[in-house]
Amino acid sequence: MKNIDIRFDATTMETLQELIGKKLVKYKCDPFFSPSAFGIVGLYTEQGIFALTNDIRVMDHFGSDEDVAVLELNASTEREIHSWIDNITMVETPVGTSVKEIRVINENQRLYRGGEQIYDVWLTRGIIFVMNDRLEIAFEKQVWFSEMISVSKGYHLYQQFSPVNEFSENWEYPFTGECERQVITLS
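Residues numbered from 1 in each chain as written. Predicted model: local features only at pLDDT ≥ 70, side-chain atom pairs only at ≥ 80, totals over all residues. Heavy atoms only, no water.

### Focus on the layout of surface pockets
Using the following cut-off: Cavities and pockets are found on a 1 Å grid laid over the protein atoms alone: a cavity is a set of points where a 1.4 Å probe fits but cannot escape, a pocket is an open set with protein on both sides within 12 Å along at least five of seven lines, and a lining residue has an atom within 4 Å of such a point. Grid points are joined across faces, edges and corners, and a volume is the space filled by probe spheres set on the points. Each helix corresponds to a stretch of at least 4 residues labelled H or I by DSSP, and each strand to a stretch of at least 2 residues labelled E; elements are numbered beginning at the N terminus. As a working rule, the residues Ala, Val, Leu, Ile, Met, Phe, Trp, Tyr, Cys and Pro are called nonpolar, Asp, Glu, Lys and Arg charged, and the rest polar, with Gly in that last group.
One number sums up the size of the largest pocket: a volume of about 460 Å³. Residue lining of the largest pocket: 27 residues in total, with Gln109, Arg125, Val143, Trp144 and Phe167 positioned closest to the centre. Breaking the lining of the largest pocket down by element, the ones donating at least two residues are β1 (2–6), β5 (48–60), β6 (65–75), β7 (91–113), β8 (116–131), β9 (136–141), α2 (165–168) and β11 (175–186). In terms of residue count, the dominant contributor to the lining of the largest pocket is β8 (three residues). Classifying every residue of the lining of the largest pocket by side-chain character gives 15 nonpolar, five polar and seven charged.

Next up, the structure:
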């Protein structure tokens, strides 16, 4: 069985934990794909600036080498927060509220051939910032081969994430797929 793990690492989880109670000043993304961002969202906090990226890597995707987008969060600088598309100016969305909790949404995708598990894949699907005023701001990676990050504001945003059955329904005999989500709440 092949194991693949592209979830946020321990350092990223520690960074997110440190953002609890800190103000999310604003976020920046390119306006071209609104309400989505192409590849990068700049998160501006009291703790510093962070780049949430969904960058393509060539890796094993259930038996063949494919372009797979991997969601990452890294400390950044103002200069590094720019559109991945030439001549596009990013748009700032002010927030100005403290972070009450952060929900990290992970998926476990399992592929079976003839009843035998052949892949066990873990990935981070997205994050939801829950603000002190209960407003939520969510960032979700879209399909596995796309750099797009869906951006949404509102309430109960977890329910708006893409359904897990999309993974399960994409297989034909002798293959079957299962997908489950795990929500890790940092508060």
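### Concerning the side chain of Asp30
Short version of the rule: By the criterion applied in these results, polar contacts are pairs of N or O atoms within 3.5 Å in which, for protein atoms, one can donate a hydrogen and the other can accept it, and in which residues neighboring in sequence qualify only through two side-chain atoms. Two residues form a contact once any of their heavy atoms are found within 4.5 Å.
Inspection of the secondary structure puts Asp30 in the loop between β2 (23–29) and β3 (36–38). Reaching out from Asp30, the side chain makes a polar contact with the backbone nitrogen of Phe38 at a distance of 3.3 Å. Not counting the four nearest positions on each side in its chain, Asp30 is found in contact with Ser36, Ala37, Phe38, Ser83, Ile88 and Met90.

### What to know about the pattern of salt bridges
As a reminder of what qualifies: By definition here, a salt bridge exists when the distance from a side-chain nitrogen of Lys or Arg to a carboxyl oxygen of Asp or Glu is within 4 Å.
Taken as a whole and assessed by the stated rule, the structure comprises eleven salt bridges. Salt-bridge contacts for Glu107 lead to Arg181; the nearest nitrogen and oxygen are separated by 2.6 Å. Taken together, the positions of Glu107 in strand β7 and Arg181 in strand β11 put the pair 74 residues apart, joining distant regions of the chain. Arg110 is the partner of Glu178 in a salt bridge, and the nearest nitrogen-oxygen pair spans 3.0 Å.

### Here we look at unusual backbone geometry
The residue after Tyr173, namely Pro174, is reached through a cis peptide bond having omega 10°. Within the element layout of this structure, Pro174 appears in the loop between α2 and β11. Of note, Arg134 is a non-glycine position whose phi angle comes to about 75°, a positive value.

### Side note on a nonpolar patch on the surface
Short version of the rule: Here, patches come from residues exposed beyond 30% relative accessible area and free of salt bridges, joined within 9 Å for like charges and within 5 Å for nonpolar side chains (Val, Leu, Ile, Met, Phe, Trp, Tyr). The Shrake-Rupley method, run with a 1.4 Å probe sphere, supplies the accessible areas, and residue values consider only the shown protein chains as cover.
A cluster of nonpolar side chains, contributed by Val143, Trp144 and Phe145, occupies part of the molecular surface with about 270 Å² of accessible area. By the secondary structure assignment, Trp144 is in the loop between β9 and β10 (148–154).

### Some remarks on helix α1 (residues 10–18)
At 3.6 residues per turn, the α-helix brings residues three or four places apart onto the same side. The condition that has to hold: Here's how the labels work: a residue is buried when its accessible area is under 20% of the maximum for its type, exposed when over 50%, partly exposed in between, all with a 1.4 Å probe on protein chains only. Within this analysis, the arc is defined by the directions that extend from the helix axis to the C-beta atoms.
Among all positions of α1, only Thr12, Met13 and Leu16 are buried. The buried side chains of α1 occupy one side of the element, clustering within an arc of 100° when seen end-on. Residues of α1 that are exposed and angled more than 90 degrees away from the buried face: Ala10, Thr11 and Glu14. Where α1 is buried, its residues meet β6, β7, β8 and β11.

### A short note on the nonpolar core
The line we're drawing: To qualify as a nonpolar core, a set must consist of buried Ala, Val, Leu, Ile, Met, Phe, Trp, Tyr and Cys residues joined through side-chain atoms within 4.5 Å.
Counting 32 residues, the largest nonpolar core has Leu16, Val41, Leu43, Phe129 and Phe139 as its most contacted members. When sequence neighbours within four positions are dropped, the list of residues in contact with Phe139 reads Tyr27, Val41, Leu43, Leu52, Arg125, Gly126, Ile127, Phe129, Ile149, Ser150, Val151 and Phe161. Within the second largest apolar cluster, 13 residues are counted, among which are Ile4, Ile6, Val121 and Cys179.

### Thoughts on the packing of aromatic side chains
Put simply, the rule is: Pairing of aromatic rings covers Phe, Tyr and Trp, the last through its six-membered ring, and needs centres within 6.5 Å; plane angles under 30 degrees mean stacked, over 60 mean edge-to-face, and all others mean tilted.
All told, the structure shown has ten aromatic pairs when counted by the stated rule. Relative to Tyr119, the ring of Phe62 has its centre 5.3 Å away and its plane inclined at 65°; by these criteria the two rings are edge-to-face. Of this pair, Phe62 sits in the loop between β5 and β6 while Tyr119 sits in strand β8, and the two are 57 residues apart along the sequence. Here Phe62 matches Tyr119 in class, with each residue buried. Each ring, one from Phe62 and one from Trp171, has its centre 5.5 Å from the other, and the planes form 75°; the classification is edge-to-face. Pair noted here: Phe62 is in the loop between β5 and β6 and Trp171 is in the loop between α2 and β11, with a separation of 109 residues, a long-range link. A relative accessible area of 13% means that Phe62 is categorised as buried.

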